[in-house]
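Okay, here's what each chain looks like letter by letter:
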Amino acid sequence: EAQVTQNPRYLITVTGKKLTVTCSQNMNHEYMSWYRQDPGLGLRQIYYSMNVEVTDKGDVPEGYKVSRKEKRNFPLILESPSPNQTSLYFCASSYKGVPDTQYFGPGTRLTVL
Amino acid sequence: TQLLEQSPQFLSIQEGENLTVYCNSSSVFSSLQWYRQEPGEGPVLLVTVVTGGEVKKLKRLTFQFGDARKDSSLHITAAQPGDTGLYLCAGDYGGSQGNLIFGKGTKLSVKP
C-alpha cells in the first residue's frame with residue numbers, strides 16, 4: 001500500500017531533550033516536506049526537500065533541522081525542543097513537488113513540557 | 001510571507017443545504033489545491049486548479065479558480081454529514097516548486 005508513515009504518533013517530552021520524528025514514504029517520490037499545524041494558524045511549512053541531499057527552508061524553520069540522505073526518509077530533528085514547538089506535525093511527499101498531489105502522513109502529536 | 005485568506009473559518013449547516021468556501025490572496029497563484037482533513041488524519045487532496053477561470057467538479061463539489069488566479073472557491077451542493085471536516089486551500093506562488101502555502105482552513109459541520 002502506497003503510504004507515508006511517521007513515528008512516533010504521539011510524544012511527550014521535556015524542554016531541551018533532543019528528539020527525532022521519522023518520516024518514510026514508499027512511493028519513490030522525489031519531494032518531501034514537513035508541516036506543523038496549530039489552532040488558529042493552520043498548516044505551516046517547516047522544511048522541504050526536492051531530492052536527496054537537497055533541502056530548503058519553509059516558512060517556519062527556526063528550531064528545526066532536517067536531513068535527506070535517502071530518497072524514502074526525511075527525519076525532522078528538534079535539537080533543543082521548547083514548549084512553543086508543541087504542535088501537530090505532518091510529513092508529506094509528492095512526485096516532484098508543487099503542484100503534484102501531496103500525500104500526507106497520519107501526523108505526530110508532540111507535547112514539550 | 002504570502003498570505004492566503006480562507007473564509008468562513010467555521011460553518012455549521014443542516015443536511016441538504018448548499019455552501020461556499022472562499023480562498024483569497026493579493027498575489028497570483030501558479031496553482032491552487034483544495035484538501036480535506038478529518039480528525040486524526042492528514043489532509044487528502046480533492047482537486048488542483050492551474051488555469052484562470054477553470055471550473056472542476058467532483059460529484060457534489062464544484063471548484064472554481066478566479067480569472068486573475070488570485071482567488072478560488074469551493075461550492076458544495078446538498079451537503080451531507082459525510083462532508084463534515086476541515087477544508088484547506090493551498091497555493092503555490094511559482095517561486096519554487098517546493099513552497100506550498102496553506103490557508104487556515106474552514107471547519108465544516110453538517111448536521112443530519
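Everything here concerns the structure above.
Below is a short write-up of the structure. What you see is a predicted model, and the numbers here were worked out from it, not measured in a lab.

Details of the overall build of chain A
Scanning chain A from terminus to terminus reveals zero helices and 11 strands. Expressed along its principal axes, the backbone C-alpha trace of chain A runs to roughly 35 × 30 × 25 Å. In the form shown here, chain A has an accessible surface area of approximately 5,300 Å², with 51% of it arising from carbon and sulfur atoms. Each charge class in chain A was averaged separately, 13 positive and 10 negative side chains, and the resulting centres sit 6 Å apart.

Structural notes on a nonpolar patch on the surface
Taken together, the side chains of I12(A), V14(A) and L113(A) define a hydrophobic patch exposed on the protein surface, amounting to about 320 Å² of accessible area. On the secondary structure map, I12(A) appears in strand β2 (residues 10-13).

What to know about the packing of aromatic side chains
Considering all chains together, one arrives at 11 aromatic pairs over all chains under this definition. Ring geometry for Y35(A) against F104(A): centres 5.6 Å apart, planes inclined by 40 degrees, an arrangement best described as tilted. With Y35(A) in strand β4 (residues 31-38) and F104(A) in strand β10 (residues 103-104), this pair connects stretches of sequence that are 69 residues apart. For Y35(A), a relative accessible area of 0% translates into the label buried. Judged by centre distance (5.9 Å) and plane angle (65 degrees), the ring pair of Y64(A) and Y89(A) falls under edge-to-face. Of this pair, Y64(A) sits in the loop between β6 (54-57) and β7 (65-66) while Y89(A) sits in strand β9 (residues 87-94), and the two are 25 residues apart along the sequence. Considered together, Y64(A) and Y89(A) belong to a single accessibility category, that of buried residues. One aromatic cluster in this structure is built from Y35(A), F90(A), F104(A), Y35(B) and F102(B). The ring of Y95(A) has K96(A) lying over it, and the distance from NZ or CZ to the ring centre is 5.4 Å.

Calculation criteria
Residues numbered from 1 in each chain as written. Chains lettered and ligands numbered in written order. Predicted model: local features only at pLDDT ≥ 70, side-chain atom pairs only at ≥ 80, totals over all residues. Heavy atoms only, no water. Helix = DSSP H or I, 4+ residues; strand = E, 2+ residues; numbered from the N terminus. Areas by Shrake-Rupley, 256 points an atom, 1.4 Å probe, with all protein chains shown as cover. Lys, Arg positive; Asp, Glu negative; His and termini not counted. Charge placed at Lys NZ, Arg CZ, Asp CG, Glu CD. Patch = residues over 30% accessible without salt bridge, like charges linked within 9 Å, V, L, I, M, F, W, Y side chains within 5 Å. Salt bridge = Lys/Arg side-chain N within 4 Å of Asp/Glu carboxyl O. Phe/Tyr/Trp six-rings, centres within 6.5 Å; stacked < 30°, edge-to-face > 60°. Buried < 20%, exposed > 50% of the residue type's maximum accessible area, 1.4 Å probe, protein only. Lys NZ or Arg CZ within 6 Å of the ring centre and 35° of its normal.

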